[in-house]
Every structure is written in C-alpha cells, then in structure tokens.
Amino acid sequence: MNIKKGDTVKVIAGRDKGAEGKVISVLREEQRVIVEGVNLIKRHTKVVNQGGRAGNTGGIITAEAPIHISNVILVEGDGVTRVGFRRDEVTKRRPDGSTYAAERSVRISRKTGKDI
C-alpha cells in the first residue's frame, strides 16, 4: 500500500473527483481508504438507551464511507505525485552495543525523487 494514515490525497475518479482530504484510516484487506470530507453518506440510527448516559441519540448521521485506493493519488506540495520506494543503508545497534548494517525502505516522490 502506497497510501498511509495522515497523508493528504486527491480523488481522481468517482462522484467526488477533484476533492482533497486527509486519510483517516486505511483498510488494507479491502484495499480501501477513508478520506476526511469525501464520499459522505447518511445513516439513519435508532435511539439506544442501553448503558445509561452513554446511550446513542437517534437521528441522521453523516459519515465518510471508504473508497478504493486506486481512486486516490498522493498530494505533494501544490501538485500530485505517484509513490516509489528506495532502499537506504542504515547502521543498527544490537542490545549488547554492537552494530550491523541493514536496509530501510523509504517512500519517495516519483515526480521529484525526494522523501515523503
């Protein structure tokens, strides 16, 4: 998955095409993301008095529904970009104090080549 929670994305297909928002959550198994202010649905809920004061008030609730990951693209600066990966050499330290070389995967912008 190239998109992570907290990223700003732009919708490139569907009813909300052109809208931008922050990713609230990523549903990896379904390959979907929930974006703030995008794909709003209205859900009718009943009044639930179970649990005393913590009961749910009824009415019509507006919430974001998930959209497919292929319908969004990452926003970087004032434009959009695809996401790539680069492997960087890093030095890690073991609990006993010794060090060893390892690789770390870093997300990069395909347009500029800079880290995201």
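Residues numbered from 1 in each chain as written. Predicted model: local features only at pLDDT ≥ 70, side-chain atom pairs only at ≥ 80, totals over all residues. Heavy atoms only, no water.

## Describing the environment of Val23
- Summarising the element assignment, Val23 is placed in strand β2 (residues 20-27).
- As a C-alpha pair, Val23 and Thr8 span 15 residues in sequence and 6.3 Å in three-dimensional space. (Helix = DSSP H or I, 4+ residues; strand = E, 2+ residues; numbered from the N terminus.)

## Thoughts on the pairing of strand β4 (residues 40-45)
- For β4, a buried count of zero out of six residues is recorded, marking the element as mostly open to its surroundings.
- Of the pairings in the sheet, the one linking β4 to strand β5 (residues 59-64) comprises six bridges and is antiparallel in character. When the sheet's bridge partners are listed, Ile41 is paired in β5 with Ala63. (Buried < 20%, exposed > 50% of the residue type's maximum accessible area, 1.4 Å probe, protein only. Pairing = 2+ DSSP bridges.)

## Details of the sheet that holds strand β6 (residues 67-68)
- With respect to topology, six strands assemble into an open sheet ordered β6-β3-β2-β1-β7-β8, the strand pairing being antiparallel. Edge positions in the open sheet fall to β6 and β8 (79-81), since each of these has one partner strand only.
- Strand direction decides the pairing type here: strand β7 (residues 72-76) and β8, joined by three bridges, are antiparallel. By the bridge assignment for β8, Leu74 is matched with Thr81.

## Comments concerning the UniProt feature "domain: KOW" (unreviewed entry) in the protein
- The feature "domain: KOW" (unreviewed entry), as given by UniProt, occupies residues 2-29 in the numbering adopted here.
- As annotated, residues 2-29 has a helix share of 0% and a strand share of 43%, and its two end C-alpha atoms lie 14 Å apart. (UniProt positions renumbered as here; feature names shortened; annotations may be inferred.)

## A few points about the nonpolar core
- Of all hydrophobic cores here, the largest spans 12 residues; its members are Ile3, Val9, Val11, Val23, Val33, Val35, Val38, Ile67, Ile69, Val72, Leu74 and Val83.
- Within the residue set of this core, elements represented by two or more residues are β1 (8-11), β3 (32-35) and β7.
- In this structure Ile69 touches Met1, Ile3, Gln31, Arg32 and Val33, once residues within four positions along its chain are discounted. (Core = buried A, V, L, I, M, F, W, Y, C linked by side-chain atoms within 4.5 Å. Contact = heavy atoms within 4.5 Å.)

## With respect to the pattern of salt bridges
- Under the defined criterion, the tally for this structure stands at four salt bridges.
- Here Asp7 makes a salt bridge to Arg107, at a shortest N to O gap of 3.0 Å. Of this pair, Asp7 sits in the segment before β1 while Arg107 is found in strand β10 (residues 99-109), placing the two residues 100 residues apart along the sequence. Per residue, the accessibility class of Asp7 equals that of Arg107, and both read buried.
- With its nearest N and O atoms 3.3 Å apart, the salt bridge here joins Glu103 to Arg87. (Salt bridge = Lys/Arg side-chain N within 4 Å of Asp/Glu carboxyl O.)

## Here's the deal with the pairing of β1
- Residues of β1 alternate between two faces, with Val9 and Val11 buried on one and Thr8 and Lys10 left unburied on the opposite face.
- In this structure, β1 lies alongside β2, joined through three bridges in antiparallel fashion. Paired with Lys10 across the two strands is Glu20, which belongs to β2.
- By the bridge criterion, three bridges tie β1 to β7 in an arrangement that is antiparallel.

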